[in-house]
Amino acid sequence: MEAFESAAHRHAEASGRRALIVGAGIAGLAAALRLHQQGWDVVVVERAPSRRSSGYLLNLHGPGYAAAERLGLVPALTRRDIGFFTSVLVHADGREKLRIPADVTEAAVGKRALSLFRGDLESALYDAVADFADIRFGTTLQAIAQTPGEVVVTLDDGTRLRGELLVGADGVHSRVRELVFGSEPEYFVDLGHMVGAFPLRTVPEQIPEGFGTTYIGPGRTAAVMNLGPERSSAFFTYRSPDPQAELSLDAGPALTRAFGDLGGGVAEALHQFDPATVYFDSVGQIVMDRWSHDRVVLLGDAAWCVTVFAGYGAALALDGADRLGTALAAHGDDIPAAFAAWETSLRPEVHKRQALARKGISRFAPPSRTHVWAGELMLRAIQLPGIRTLVRRSIQRANN
């Protein structure tokens, strides 16, 4: 069945420049926005039944902030900016160990930075594309076929869509990658850890508003943030020798088993656990020799997942989408050449971020109590004026 029922479809048929995008997350919506700015009509296919509104906290700075600026997103994101908050390192029972004031973090990161919930970034992107993009929720991809002049996708309802290119922005467990490049095990590098995050229905009473508490112990980290009503959340990560066993256990029992002995805000957060809003998955990177094949290209976590340990996934998604648009504009009708140039420009940054993530695992899940102690010593040291300057310069170098 061939279906072009909307005005967007009819216009795309007339213009002859249609991009098909699989995934309505940050990477997919950013690609839709960037390609629309260059005159493409876009159809976005998303397997989730509706928009996501939760997710963990992320930071945009360096190239990620610059990409958001070029995409015209900064005004909308600034309204959603959480800003810098006081971070408190705590003992297992919730007692305070040390405090890092908000101004210390601000001085290290700089003014060109945004702190956002993942869902807020996705909402800003959705608002930017909703008037022109044909977004199909609750739809999955069944097949992909390519010819020298177009790519054709078949959806689960039998609908066939045609376009000049296909962007697979459908995350770590990408269906596009599976259909075009091969099964997930060929590219997934398991890092032996789990991650969980969910919003809190009510503000955590044991944590003052504008504060975030973090427990870091051998092999695990738990963070709870009180940023006011409907803005508070919890984040967990822990080492696991068998991630598949954790996934089969399910999020609630797994997180309770890993963190149920902790007190303070962590205990309160676990009591608010809601299966409908949790993100829970194993931690792994996607490593591929190439991100495109003819008229199909992978973007974001589907291509290179750097993991939460890098803290740069959203920034790379925005930067990757922006650079993709630039490459397509520069190469006209030669789409494979555009993809090749885009990959050449972006791959060094991806390699750097993936390497930093692997090194950063010990910060989130220290191997021993000695490593925990060393980390605390570093956090105390960065509050000293001279050390603070060195940290700021180090962050600036990493973002250049």
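Further remarks concern the overall build of the protein. Scanning the protein from terminus to terminus reveals 15 helices and 18 strands. Contacts spanning at least 24 positions in sequence make up 72% of the contacts within the protein whose residues lie at least 6 apart.

Read from one edge to the other, the open sheet built from three strands follows the order S8-S9-S10, with strand pairing classed as antiparallel. Only two strands of the sheet have a single neighbouring strand rather than two, namely strand S8 (141-146) and strand S10 (160-163). Strand-to-strand, the axes of this sheet are offset by a mean angle of 20°, without reference to chain direction.

It is worth spelling out the environment of Leu98 at this point. Along the chain, Leu98 falls in strand S5 (residues 96-100). Sequence spacing of Leu98 and Glu376 is 278 residues, and the spatial spacing of their C-alpha atoms is 8.3 Å.

Turning our eyes to something else, we now look at helix H6 (residues 118-129). Every α-helical turn comprises 3.6 residues, leaving residues that sit three or four positions apart pointing alike. Between its terminal C-alpha atoms H6 stretches 17 Å, which fits the 16 Å expected from twelve residues at 1.5 Å a residue. Within H6, the full set of buried residues consists of Gly119, Asp120, Leu121, Glu122, Ser123, Ala124, Leu125 and Val129.

This next bit is on the sheet that holds S5. What the seven strands build is an open sheet, ordered S5-S4-S13-S14-S15-S12-S16; its pairing is mixed. The outermost strands of the open sheet, each flanked by one partner alone, are S5 and strand S16 (279-286). Across the sheet, the axes of successive neighbouring strands diverge by a mean angle of 20°, strand direction being ignored. Pairing of strand S12 (residues 188-199) with S16 involves eight bridges; the strand directions are antiparallel. When the sheet's bridge partners are listed, Val195 is paired in S16 with Asp281. This element, helix H14 (residues 369-381), spans strand S4 (86-90), S5 and strand S13 (211-217) of the sheet and lies at about 40° to S5.

To continue, consider the packing of helix H2 (residues 26-37) against helix H12 (residues 313-331). Each pair of packed helices can be described by the angle between their axes along with the distance between the axes. Contact pair H2 / H12: the axes reach a minimum separation of 9 Å and the direction vectors enclose 30°. Our classification of the angle between H2 and H12 gives roughly parallel. By crossing handedness, the relation of H2 to H12 is classed as right-handed. Touching Ile26, Ala27, Ala30, Ala31, Arg34 and Leu35 of H2 are Ala314, Ala317, Leu318, Ala321, Asp322, Gly325, Thr326 and Leu328, all from H12. A class-by-class count of the residues in the contact of H2 with H12 yields ten nonpolar, two polar and two charged.

Another aspect to go through is H12. The first and last C-alpha atoms of H12 sit 27 Å apart over 19 residues, in line with the 27 Å expected at 1.5 Å per residue. Once H12 ends, the next one or two residues include Gly332, with phi positive near 55°.

On to the nonpolar core, then. The biggest cluster of nonpolar side chains holds 80 residues, and the ones touching the most others in it are Leu60, Trp304 and Leu318. At nine residues, H12 tops the list of elements feeding residues into this core. If near-sequence neighbours (up to four positions away) are discounted, Trp304 is found in contact with Ile286, Trp291, Leu299, Leu316, Gly320, Trp342, Leu346, Val350 and Gln354. Counting residues in each nonpolar core, the second largest holds 24 residues, with Ile207, Leu255, Phe259 and Leu262 among its members.

The subject of this paragraph is the pairing of strand S1 (residues 18-22). Across the five residues of S1, five count as buried, placing the element largely inside the fold. Taking every second residue as pointing to the same face, both faces of S1 are buried, with Arg18, Leu20 and Val22 on one and Ala19 and Ile21 on the other. Two elements, S1 and strand S2 (residues 41-45), share five bridges in a ladder whose sense is parallel. Of the residues in S2, the one forming a bridge with Val22 is Val45. Note that the unit made of S1, H2 and S2 has a crossover that is right-handed. Bridge analysis of S1 against strand S11 (residues 165-168) gives four bridges, and the strand direction is parallel. Bridging from a neighbouring strand, Ala19 pairs with Leu165 of S11.

Here H2 crosses H6 at 25°, and the two axes come no closer than 9 Å. Put simply, H2 runs roughly parallel to H6. H2 and H6 meet at a crossing whose hand is left-handed. Between H2 and H6, the contacting residues are Ile26, Leu29, Ala30, Ala32 and Leu33 on the first element and Arg118, Leu121, Glu122, Leu125, Tyr126, Ala128 and Val129 on the second. Per-class residue counts for the contact of H2 with H6 are ten nonpolar, no polar and two charged.

This next bit is on the side chain of Arg136. One can find Arg136 in strand S7 (residues 134-136). Judged by its relative accessible area of 11%, Arg136 falls in the buried class. Within the structure, Arg136 has its side chain in polar contact with the side chain of Asp134 (distance 3.3 Å).

With that settled, the discussion passes to the pattern of salt bridges. Taken as a whole and assessed by the stated rule, the structure comprises 20 salt bridges. The partner of Arg177 in a salt bridge is Glu184, with the nearest N and O atoms 3.7 Å apart. For Arg177, a relative accessible area of 1% translates into the label buried. Glu349 serves as the salt-bridge partner of Arg353, at 2.9 Å between the closest nitrogen and oxygen. Of this pair, Arg353 and Glu349 are both found in helix H13 (residues 335-364), four residues apart, which corresponds to roughly one turn of the helix. Among the residues examined, Arg353 registers a relative accessible area of 4% and is labelled buried. The buried category is assigned to Glu349, whose relative accessible area is 12%. In the salt-bridge network here, residues are joined through shared partners; they are Arg34, Arg70, Asp319, Asp322 and Arg323.

What counts and what doesn't
- Numbering of residues begins from 1 in every chain and follows the order in which that chain's sequence is written.
- Given that the model is predicted, a residue must reach a pLDDT of at least 70 before its local features are reported, and side-chain atom pairs must reach 80 or more before they are shown or counted; all residues, however, enter totals for whole chains, interfaces and linings.
- The side-chain figures draw on all heavy atoms in the structure; neither hydrogens nor water molecules are used.
- Secondary structure elements are defined from DSSP: runs of H or I of at least 4 residues count as helices, runs of E of at least 2 residues count as strands, and each element is numbered from the N terminus.
- Note on definitions: a residue-residue contact is assigned when non-hydrogen atoms from the two residues lie within 4.5 Å.
- DSSP calls a pair of strands paired once it identifies at least 2 bridges connecting them.
- Simply put, an axis is a line fit to the C-alpha atoms, just over the touching stretch for a helix, and the angle between two N-to-C directions goes from 0 to 180 degrees.
- By this rule the span expected of a helix is its residue count minus one, scaled by 1.5 Å.
- Throughout this description, buried means an accessible area under 20% of the type-specific maximum (1.4 Å probe, protein chains only), exposed means over 50%, and partly exposed covers the range between.
- Here the word oblique covers every angle except those under 35 degrees (roughly parallel), over 145 (roughly antiparallel) and from 65 to 115 (roughly perpendicular).
- Put simply, a crossing is left-handed when the front helix is turned counterclockwise from the back one by less than a right angle, and right-handed when it is turned clockwise.
- When residues are grouped by polarity, Ala, Val, Leu, Ile, Met, Phe, Trp, Tyr, Cys and Pro land in nonpolar, Asp, Glu, Lys and Arg in charged, and all others, Gly among them, in polar.
- Among buried residues, those of type Ala, Val, Leu, Ile, Met, Phe, Trp, Tyr and Cys that are joined through side-chain atoms within 4.5 Å constitute a nonpolar core.
- Look down the strands so they point away from you; if the path from the first strand over the helix to the second goes clockwise, the crossover is right-handed.
- The definition of a polar contact used here is a pair of N or O atoms within 3.5 Å, where within protein one atom must be able to donate a hydrogen and the other to accept one, and adjacent residues in sequence count solely through side-chain atom pairs.
- For salt bridges, the criterion is a side-chain nitrogen of Lys or Arg within 4 Å of an Asp or Glu carboxyl oxygen.

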